[in-house]
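# Structural features, examined
Here is how the chains run, residue by residue.
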Amino acid sequence: MASAAGEAPPGPCRGEIGLQFWVEALQLVPGLLALAVLLGVALGVGAALLLCFCVIGPLLQNKKDDSQGLLESFYSDIHGHLDENVPLPRKKITETQLSEEEMVLEGNESSLNSNITAFALKAKVVYPINQKFRPLADGSSNPSLHENPKQAVLPNQIMETSTSSSLGSLSHEDKEDCSSSTTIHSATSDDRFQDRAFLKVTCFPEVLTCESFDVKLCLYSLLLKELLLLDTELRREKQVIFIQVLRTYLSDFYLKKRITEDLYQKIILTQETDLEELQKQLTSRLLSTEMSGARNSEYQTLEDLERKEREYSEHIIDNMEAFWKQADKAEQFLLNQSNCSSAKRGKMMMYLTERMIAVEGLLSQSQDLQAMDIQERIFNWELMMKMVDFFKTKIQEESKCRLDAVAGILDQLTIKSNLSLSQKEELLTGLHKAFLEQVAHCNNECVQQGKDLIVKLLACRTRKIREIKQAQKDEQGDLLSKTQKIGKLDEFLKACHEMLEKQRQTLHDLEEEDDCQSTEAIAELHQELCSGTSHALDELVQELFLQTLPTKTGLSLRECELLKEECQENLILQLEKWDSCRQKQWKLFQEQLQQEKQLWTKEYALSAVMQKHLSEKHEKIIQGVLSRLGGLSEESAKYILRKHRLLLCSVLRRLAVRNVAMATLTHMKMSQKKSLLQELREQHTLQKSSSHCQDEHQWQLQNAMESHILEEEEKLEEETQQTRLEFHQQLVAEIQEALQLVQQHMEKVIGQALLHHARQEAAKQSSDDGEDFKEKLIEAAVESVYVTSNGVNRLVQHYYQQIEKIMDGHENRKLQQLKSFQAERTENNRLRKKQEENEQTLKEKMNQGTLSKSSAVHQRMLLQQQKFLAQFDVQQQVRLDSLKQKILVFHHLETQLESQLKQAEQDFITELAALARVPLTVRKQPLNRSVQSGKSQKTKRKNSHSWGKEDSGDFNEK
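Criteria and cut-off values
- Residues numbered from 1 in each chain as written.
- Predicted model: local features only at pLDDT ≥ 70, side-chain atom pairs only at ≥ 80, totals over all residues.
- Heavy atoms only, no water.
- Helix = DSSP H or I, 4+ residues; strand = E, 2+ residues; numbered from the N terminus.
- Buried < 20%, exposed > 50% of the residue type's maximum accessible area, 1.4 Å probe, protein only.
- Contact = heavy atoms within 4.5 Å.
- Areas by Shrake-Rupley, 256 points an atom, 1.4 Å probe, with all protein chains shown as cover.
- Axes fitted to C-alpha atoms, helices over the stretch in contact; angles between N-to-C directions.
- Parallel < 35°, antiparallel > 145°, perpendicular 65-115°, else oblique.
- Left-handed = near helix turned anticlockwise from the far one by under 90°.
- Nonpolar A, V, L, I, M, F, W, Y, C, P; charged D, E, K, R; others polar.
- Patch = residues over 30% accessible without salt bridge, like charges linked within 9 Å, V, L, I, M, F, W, Y side chains within 5 Å.
- Salt bridge = Lys/Arg side-chain N within 4 Å of Asp/Glu carboxyl O.
- Expected span 1.5 Å × (residues − 1).
- Core = buried A, V, L, I, M, F, W, Y, C linked by side-chain atoms within 4.5 Å.
- Disulfide = S-S within 2.5 Å.
- Lys, Arg positive; Asp, Glu negative; His and termini not counted.
- Phe/Tyr/Trp six-rings, centres within 6.5 Å; stacked < 30°, edge-to-face > 60°.
- Charge placed at Lys NZ, Arg CZ, Asp CG, Glu CD.
- pLDDT = per-residue confidence, 0-100.

### Side note on the overall build of the protein chain
What the protein chain contains, in helices and strands, is 20 helices and two strands. In the protein chain, buried positions account for 40% of the 958 residues. Considering only contacts within the protein chain whose residues lie at least 6 apart along the sequence, 83% involve residues at least 24 apart. By element, 55% of the accessible surface of the protein chain is carried by carbon and sulfur atoms, the whole surface being about 54,900 Å².

### Brief notes about the packing of helix H11 (residues 342-415) against helix H14 (residues 557-629)
Running from amino to carboxyl end, H11 crosses H14 at an angle of 160°, the nearest separation of the two axes being 8 Å. In terms of orientation, H11 lies roughly antiparallel with respect to H14. Regarding H11 and H14, the two cross each other, and that crossing is right-handed. Of the residues belonging to the contact of H11 with H14, the class tally is 21 nonpolar, eight polar and 12 charged.

### So, a nonpolar patch on the surface
A cluster of nonpolar side chains, contributed by Ile621, Val625, Leu629 and Leu754, occupies part of the molecular surface with about 280 Å² of accessible area. No other element matches the three residues that H14 contributes to the nonpolar patch. Residue Ile621 is classed as partly exposed on the basis of its relative accessible area of 43%.

### With respect to the packing of H11 against helix H12 (residues 421-480)
Their axes nearest at 11 Å, the elements H11 and H12 cross at an angle of 170°. As far as their axial angle goes, H12 and H11 are roughly antiparallel. Here Lys392, Ile395, Gln396, Ser399, Arg402, Leu403, Val406, Ala407, Leu410, Asp411 and Thr414 of H11 come into contact with H12, specifically with Leu421, Lys424, Leu427, Leu428, Leu431, His432, Phe435, Val439, Cys442 and Asn443. Looking at the contact of H11 with H12, its residues break down into 12 nonpolar, five polar and four charged.

### Description of helix H9 (residues 261-291)
Its 31 residues place the ends of H9 45 Å apart at the C-alpha level, agreeing with the 45 Å of an ideal helix rising 1.5 Å per residue. Listing the buried residues of H9 in full gives Leu263, Tyr264, Ile267, Ile268, Gln271, Leu275, Leu278, Gln279, Leu282, Leu286 and Thr289.

### Describing H14
Between its first and last C-alpha, H14 extends 106 Å over 73 residues, near the 108 Å set by a 1.5 Å rise per residue. Note on H14: the residue one or two positions beyond its end, Gly631, has a positive phi of about 85°.

### A few points about the nonpolar core
Counting 106 residues, the largest nonpolar core has Phe204, Val207, Ile640 and Met668 as its most contacted members. Sequence-distant contacts of Phe204, defined by excluding residues within four places in its chain, comprise Leu219, Leu222, Trp381, Met384, Met385, Asp515 and Thr519. Formed by 27 residues, the second largest nonpolar core is a distinct cluster that contains Val406, Leu427, Leu431 and Cys446.

### Some details on the state of the cysteines
Across all of its chains, the model carries zero disulfides by this definition. This cysteine, Cys581, is not joined by any disulfide, and Cys401 carries the nearest cysteine sulfur, 9.7 Å off. Overall, Cys581 belongs to the buried group, its relative accessible area being 19%.

### Observations concerning the side chain of Lys564
Locating Lys564 in the fold gives a position in helix H14. One buried charged residue, Lys564, forms no salt bridge at all, with the nearest opposite charge on Asp538 at 4.2 Å. Beyond its immediate chain neighbours, meaning those up to four positions away, Lys564 contacts Asp538, Gln542 and Phe545.

### Description of the pattern of salt bridges
In total, this model carries 33 salt bridges according to the counting rule given. The salt bridge partner of Asp328 is Lys643, with a shortest N-O separation of 2.7 Å. Remark: Lys643 occurs in helix H15 (residues 634-690) and Asp328 occurs in helix H10 (residues 302-338); sequence separation between them is 315 residues. An identical accessibility class is assigned to Asp328 and Lys643; each is buried. A single salt-bridge network, built from bridges that share partners, covers Lys200, Glu290 and Lys308.

### A word on unusual backbone geometry
The phi angle at Ser417 is positive, at roughly 65°, despite the residue not being glycine. Position of Ser417 relative to the elements: it lies in the loop between H11 and H12. Look at Ser417 and you get exposed, because its relative accessible area is 62%.

### Comments concerning the packing of aromatic side chains
What the rule picks out here adds up to seven aromatic pairs. Here Trp586 and Phe589 contribute two aromatic rings whose centre-to-centre distance is 6.3 Å and whose plane-to-plane angle is 35°, an arrangement assigned as tilted. A residue pair is termed a helical-turn pair when its members lie 3 or 4 positions apart in one helix, as Trp586 and Phe589 do in helix H14 at three residues. Centroid distance Tyr799 to Phe908: 5.0 Å. Interplanar angle 40°. Geometry classified as tilted. A residue pair is termed long-range when its members are at least 10 positions apart, and Tyr799 in helix H18 (residues 789-848) and Phe908 in helix H19 (residues 853-916) qualify at 109 residues.

### A word on a negative patch on the surface
Taken together, Asp373, Asp509, Glu512 and Glu513 make up a surface patch of like negative charges. Here the element with the most residues in the negative patch is helix H13 (residues 489-553); it accounts for three residues. As for its placement among the helices and strands, Glu513 is situated in helix H13. By relative accessible area, which is 47% here, Glu513 ends up partly exposed.

### Considering the environment of Arg832
Following the sequence through the fold, Arg832 ends up in helix H18. As a C-alpha pair, Arg832 and Gln871 span 39 residues in sequence and 9.9 Å in three-dimensional space. With residues near it in sequence (within four places) discarded, Arg832 still touches Val874, Gln875 and Val878.

### Some words on the confidence of the model for the protein chain
When the pLDDT values of the protein chain are averaged, the result is 75; 71% of them are 70 or greater. The low-confidence segment residues 1-28, where pLDDT is below 50, has zero contacts with residues more than four positions distant or belonging to other chains. Every residue in residues 59-182 scores below 50 in pLDDT, and together they form 201 contacts with partners more than four places removed in sequence or on other chains.

Right, dumping it as structure tokens:
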């Protein structure tokens, strides 16, 4: 239509339009003119009043809100100024750290933008802010244009945070956002946290100068370091005790003239050299692992820690296997050089093994106690760090409260028209800048002087530890140099362990005392510097009230002093509120530590249950293996069981340390989210306690926040369990590898025992002297004139017929036994299946009425799984019993066959001797002895198999 009208050709309608008025219409009426003037005056007055109340009033209020926003942004400006003045070492190391620094800057920008955003929402204007948040003209906002405004209120996730930053209550918009869409669980943040570098520390005093966010990670890394140090000390103690046990036996042999002095010194020197070489190899590998992948010698990441702990465990397990081989080699060398009987050698090896099992028990008990003691020290360190953190934030909160109190007084002067808006903003800006510089200077001095103080304290600590270690080394040399007797070896081992335990405790007490002194020194330093800064801030406020305000407001000096006193009273009230909030935070922090202690107690309990389960399971396995083998003597079987227990104790003790390390890594990975959730709880608790009278809207926001916290707790619990499960699967794989090494080592031990048993049996059989009589009989038959070729052929033919008859009878009896076994097995399988079907039907009937539809499928799957496992065990046991029965029957048939063959041979020899006229007096005794040996061997084998059957029965009962 518009285009059509624009394109219309010119015509008469395009001409000018003339308006014609009558002259009478332009005449003025004086009465109406006066009424119009009065009406105009009234409208002007009304418009002026509306302008004052509706435009100028809100403008003044907006100005006040803007100044209040300046106060609210003061605390975040302090952190921004500190970030500019204090160089962060992450800028120097990797691109990962550079990206983290960008996140810090984004966090600061979002904190600043939150205040501008609040002002823009109140002013209801279009106000672009860094292209992230654009309020619309009607005051609403476009949620697609801003990036997670909750980040301005939640504790900064990557940059350094302060405890007092969470003291303020959540704003209206933040609560709604927190209760709806904000979450602390993010895959991106997890990856960034995994790659985030934090400071490497070697002792607790170094943590006192770390950033607040790094404290938890540094403390957990100290826990891992202490566990590795504990494992190293216990391993060295085990090696020292092993050398002492070996030295004791060698001394006994030397005194009994079984070995020479040169051989004695050679054995001891060789073992000590081999153990030192093993320790050097392990130290070299651990150091190589420590240096590998290190992008910076001062910083590390969680990924680096996980890799290092895994490689540490592999190196230590390899070292443990090498120690087993060396110990076996030393024992065999000792036995070979001792010139003892076989029985004495067995007793000696049993005694050595039992001594080392007792040592492993002492080491395991000591390891559990010291691991829990290390964990308790970590909790104490956290309490100390929290106290120091309160000192760090005190001056910041005080400066914030001072500026807030001054702003309140200046607002009163502005309302009374003693100060203009521009003058008030000028004064607040100048005071804000001065406060900022003073607080930044105080924090910089705290960091620098704190580091210098820690260096001095650590130098003194190192000197003390060096002196104590030297004294302890001399004490160890005095005790270990004494010659011990075998009868008092247990007492000596206990005394040696107690001495080493006492020495470790002495060092721990020294370090704990030094940690407390370092914490007190840092706290005093912060308190001293904060006191000086507080005095400087007070002088700035005093200068404002006593020098600046009298010249700008025209008030008298006395009136300005009264205003200063009022400001001081307001400051005291605000500091009391902050102190109350701090006490509540301290209480919440202690409750959190108690919860973590309970988690660690449960972790240690689960570790103990796992060790007990593995120990019982593998002891049953080795007992089953020995019961199936048979033939071994009771002493050999007992020695194998003791040897297996020794190796298993070593592996389980090491894996217990690995389990604690994995639990520590789990807590480290979850530490960021736990800290964020804890600060959410603190914010919610503080706001709930500060708001006594709440309207319905505030009450709804409180409930929304509680629901959000519960939801985050559930998510955190799920993620923690998932992370712990991943580490547990890794631990199971490492356990299987370590137990595989134990199995391989025990296979060699069992093989040596079987070889020794076979050699003994062969030696017994070779002692028979029947071959001599046969040779004499053959010579007599050749020389005899009574022996003819026909007679010998007849005897040989008859002997072969007897042999063939005996073998046919043996094969028939063997076939009958196999058929009997097959029929019996078939019948047993039929009866067993019928019994299982009846039991399964009965169970299904019993469970049919109790199970709901939702759990019926899952329950049936569990029942099928249990049924399959039970059938597998039963079938395995049935096969084992069947094989044992076959072995017994076949052994009986073999013994019967051997007896018949020997009887046939004896008949042939008797007939040949009678034909050659050779007396049998020389042969009868050896032959009878051979028969007796066969019978005794038969009896022995029966006894050994019955012993194996009894062991199998005991195993099945267990």
